[in-house]
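# Fold and contact review
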Amino acid sequence: ANLFPQRAGAMILDGNVNPVAWTRGGPLPTALRMGTDESAAATLRSFLGLCGRVPAARCAFSAGSPAATRAKFAALLRRLREHPAGAGAHRYTYASTISAVSEFLYAVKPAPALGIAGWQAGAKLLQHLWTASAPGRHGPLAGPASPPAFYNGPEQEAAVVCTDGPNPPAASYPGLARFAQARSGVMGLPWTWLTEVCARWPGSAQDRYAGPWNRPTAHPVLVVGNTSDPATPYAGSVAMSRLLARARLLTVHGFGHTELLNPSRCAARYESSYLVTGALPLAGTVCQQNGQPFPG
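We now turn to the structure provided with this report. (Residues numbered from 1 in each chain as written. Predicted model: local features only at pLDDT ≥ 70, side-chain atom pairs only at ≥ 80, totals over all residues. Heavy atoms only, no water.)

### Observations concerning the pattern of salt bridges
Under the defined criterion, the tally for this structure stands at three salt bridges. Asp37 is the partner of Arg183 in a salt bridge, and the nearest nitrogen-oxygen pair spans 2.8 Å. In this pair, Arg183 sits in helix H8 (residues 173-184) while Asp37 sits in helix H3 (residues 36-52), placing the two residues 146 residues apart along the sequence. Among the salt bridges present, the one from Arg183 reaches Glu38, with a minimum N-O distance of 3.9 Å. (Salt bridge = Lys/Arg side-chain N within 4 Å of Asp/Glu carboxyl O. Helix = DSSP H or I, 4+ residues; strand = E, 2+ residues; numbered from the N terminus.)

The following block contains the structure:
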């Protein structure tokens, strides 16, 4: 939109980063500059808290209260640090469990096209690991999982992230991981190490676009942000809407990464109207997500 402002037609940006934080360097890697670790940690607290408020029939990992469910999760991670556990065709270690949690928080309901199981399936996985990792239950572990039907490897993400903005040298990452874990608990770890590969990525950050961000576009841009997005914090959508010269923010009150993966009929109506007629929602419009994480 800023490179070719007169060619910008109808454009919806769903799940946004602060473009200044994304493209400029500093002591922190990309995700930590955006505060993604903090947003992911907040979403995890919400997941465990909401799970603990309902019976196990609605959330399999519930321990009867938010505090007890959070304590159960911490205990599960302590167990997995000592002994990996098997679930189906997968072998779950401490690290791979944290990665799995980070992924299923993206979508409250299943998103099969992207291989995201959703919150209820994630709770069932955690409960399975809780049972499989119980003292005295350490039997044979599952073998390696069969490969996915399509390849969606980390190189694809690194090709974008590493090129768009600078990241610290590799030697700084152990210290950065300790900083992120102190700030955001276990969710700080995957978001720190995500960009360690950028330290040696060919052509990293040499051709990035670093602004300006306020060139008047031929048409206004609709910016959509979920209030509890674990990957692109809501603050990024607020910043994007303010930095662009002609933009309107549509807020979706709900969980998960993007409205596209976590639908809102209300937001869809505004998006459709914008695409067809160019009409923007009123400033300050807030929509609700369709469903609740653990419905009755």
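Moving on from the coordinates now.
### Quick notes on the environment of Arg183
Exposure remark for Arg183: the relative accessible area of 30% places this residue in the partly exposed category. Placed 142 residues apart in sequence, Arg183 and Ala41 show a C-alpha to C-alpha distance of 9.1 Å. Sequence-distant contacts of Arg183, that is, excluding residues within four places in its chain, are made with Leu32, Gly35, Asp37 and Glu38. Polar contacts involving the side chain of Arg183 include one to the main-chain carbonyl oxygen of Leu32, which spans 3.1 Å. (Buried < 20%, exposed > 50% of the residue type's maximum accessible area, 1.4 Å probe, protein only. Contact = heavy atoms within 4.5 Å. Polar contact = N/O pair within 3.5 Å; in protein donor to acceptor, adjacent residues only side chain to side chain.)

### What about the packing of helix H4 (residues 66-82) against helix H6 (residues 119-132)?
As a packed pair, H4 and H6 sit with axes 10 Å apart at the nearest point and diverge in direction by 55°. Considered as vectors, H4 and H6 are oriented oblique to each other. The crossing of H4 and H6 is left-handed. Contact with H4, carried on its side by Lys72, Phe73, Ala75, Leu76 and Arg79, involves Leu126, Gln127, Leu129 and Trp130 of H6 and no other residues of that element. Looking at the contact of H4 with H6, its residues break down into six nonpolar, one polar and two charged. (Axes fitted to C-alpha atoms, helices over the stretch in contact; angles between N-to-C directions. Parallel < 35°, antiparallel > 145°, perpendicular 65-115°, else oblique. Left-handed = near helix turned anticlockwise from the far one by under 90°. Nonpolar A, V, L, I, M, F, W, Y, C, P; charged D, E, K, R; others polar.)

### A short note on the state of the cysteines
Under the definition given, this model contains three disulfides. At a sulfur-sulfur separation of 2.0 Å, the disulfide partner of Cys162 is Cys198. Measuring the twist about the S-S bond at about -80°, one finds the Cys162-Cys198 disulfide to be left-handed. Taken together, the residues Cys162 in helix H7 (residues 154-164) and Cys198 in the loop between helix H9 (188-193) and strand E4 (221-228) connect sequence positions 36 residues apart. Exposure remark for Cys162: the relative accessible area of 0% places this residue in the buried category. Overall, Cys198 belongs to the buried group, its relative accessible area being 4%. (Disulfide = S-S within 2.5 Å.)

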